[in-house]
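The residues making up each chain are set out below.
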Amino acid sequence: MVGPDKLPAFLSRPTILGIVVDHCAASSLAQGIITTINVVDLLFIIVVGGYISFKTQWVGYKVPGGYFPYGVNGVLVGSATVFFSYVGFDAVTSIAEEVKNPQRDLPIGIGVSLFTCCVLYMLVSAVVIGLLPCSQLDPDTPIASAFASYGMNGAV
């Protein structure tokens with residue numbers, strides 16, 4: 001099927017109620033909405049989990065294994081997991097052609113996004129471990145299991 005510009009129909013820009021629909025703009029809007037939902041979810045975990053942790057005096061940190069209960073191997077496994085969570089930041093560099101001043105704006109954008117993600121994930125980790133000792137967390141769903149231990153099954 002060919003659209004009005006002799007392009008395949010999926011590449012043409014259809015109109016709905018007289019409004020031209022741009023697929024790329026719609027994709028960016030959807031990505032922005034999903035990112036906003038993710039950040040709100042992380043802030044919920046930090047605020048509510050932090051409140052519960054302060055009320056229970058951070059019971060997760062009172063473990064006999066000390067600061068490194070899984071040793072150096074546990075630290076390396078955790079580091080590898082965190083490293084692969086940052087792989088998506090290469091997408092930021094692919095938009096270099098669309099930035100007005102790429103030499104200034106790209107490093108700032110990458111730095112701010114890395115800093116924001118790093119702080120949010122460190123706070124979430126601190127709060128989840130404060131809720132429940134790491135030995136009691138379900139490895140597949142650690143955040144949900146931490147909240148479920150306080151009767152908040154549907155929280156996350």
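What counts, and where the lines are drawn
Residues numbered from 1 in each chain as written. Predicted model: local features only at pLDDT ≥ 70, side-chain atom pairs only at ≥ 80, totals over all residues. Heavy atoms only, no water. Helix = DSSP H or I, 4+ residues; strand = E, 2+ residues; numbered from the N terminus. Expected span 1.5 Å × (residues − 1). Contact = heavy atoms within 4.5 Å. Patch = residues over 30% accessible without salt bridge, like charges linked within 9 Å, V, L, I, M, F, W, Y side chains within 5 Å. Areas by Shrake-Rupley, 256 points an atom, 1.4 Å probe, with all protein chains shown as cover. Salt bridge = Lys/Arg side-chain N within 4 Å of Asp/Glu carboxyl O. Buried < 20%, exposed > 50% of the residue type's maximum accessible area, 1.4 Å probe, protein only. Axes fitted to C-alpha atoms, helices over the stretch in contact; angles between N-to-C directions. Left-handed = near helix turned anticlockwise from the far one by under 90°. Nonpolar A, V, L, I, M, F, W, Y, C, P; charged D, E, K, R; others polar. Core = buried A, V, L, I, M, F, W, Y, C linked by side-chain atoms within 4.5 Å. Disulfide = S-S within 2.5 Å. pLDDT = per-residue confidence, 0-100.

(A) Highlighting helix H1 (residues 23–55). The terminal C-alpha atoms of H1 lie 48 Å apart, and with 33 residues this matches the ideal 48 Å at 1.5 Å per residue to within 8%. In this structure, the buried residues of H1 make contact with helix H4 (102–131) and helix H5 (142–148). Immediately downstream of H1, the backbone of Gln 57 shows phi near 60°, a positive value.

(B) Quick peek at a nonpolar patch on the surface. Side chains of Leu 29, Ile 33 and Ile 37 sit close together on the surface and give an oily, nonpolar patch of about 310 Å² of accessible area. Looking at the element boundaries, Ile 33 is found in helix H1.

(C) Highlighting the pattern of salt bridges. Scanning all chains against the criterion turns up one salt bridge. As a salt-bridge pair, Arg 104 and Asp 105 come within 2.9 Å of each other at their nearest N and O atoms. Judged by relative accessible area, which is 48%, Arg 104 ranks as partly exposed.

(D) Structural context of the packing of H1 against H4. Viewed as axis vectors pointing N to C, H1 and H4 meet at an angle of 35°, and their least axial separation amounts to 9 Å. Here the hand of the crossing between H1 and H4 comes out left-handed. Contact residues: H1 offers Leu 42, Leu 43, Ile 45, Ile 46, Gly 49, Gly 50, Ile 52 and Ser 53, while H4 offers Leu 120, Tyr 121, Leu 123, Val 124, Val 127, Gly 130 and Leu 131. Tallied by class, the residues present in the contact of H1 with H4 amount to eleven nonpolar, four polar and no charged.

(E) A look at the nonpolar core. Val 124, Val 128, Leu 131, Leu 137 and Ala 146 are the most contacted members of the largest nonpolar core, which totals 13 residues. Among the elements of the structure, H1, H4 and H5 are those that each provide at least two residues to this core. Broken down by element, this core gets its largest block of residues, five residues, from H4. Those residues in contact with Val 124 that sit more than four places away from it in its chain are Leu 42, Ile 45, Ile 46 and Ile 143.

(F) Molecular detail of the state of the cysteines. Here the structure, examined in full by the defined rule, presents zero disulfides. Between Cys 117, a cysteine without a disulfide, and Cys 118, which holds the nearest cysteine sulfur, the sulfur-to-sulfur distance is 8.7 Å. With a relative accessible area of 24%, Cys 117 lands in the partly exposed category.

(G) View of unusual backbone geometry. Positive phi values are uncommon outside glycine, yet Gln 57 reaches one of about 60°. Relative to the helices and strands, Gln 57 resides in the loop between H1 and helix H2 (71–85). The exposure class of Gln 57 is exposed, given its relative accessible area of 55%. Backbone geometry at Trp 58 places phi at a positive 55°, although glycine is not the residue there. Within the secondary structure, Trp 58 is located in the loop between H1 and H2. Judged by its relative accessible area of 23%, Trp 58 falls in the partly exposed class.

(H) Summary view of the confidence of the model for the chain. Taken residue by residue, the chain gives an average pLDDT of 82. The fraction at 70 or more is 83%. By mean pLDDT, the top-scoring element of the chain is H5 (92), and the lowest-scoring one is helix H3 (residues 90–93) (65).

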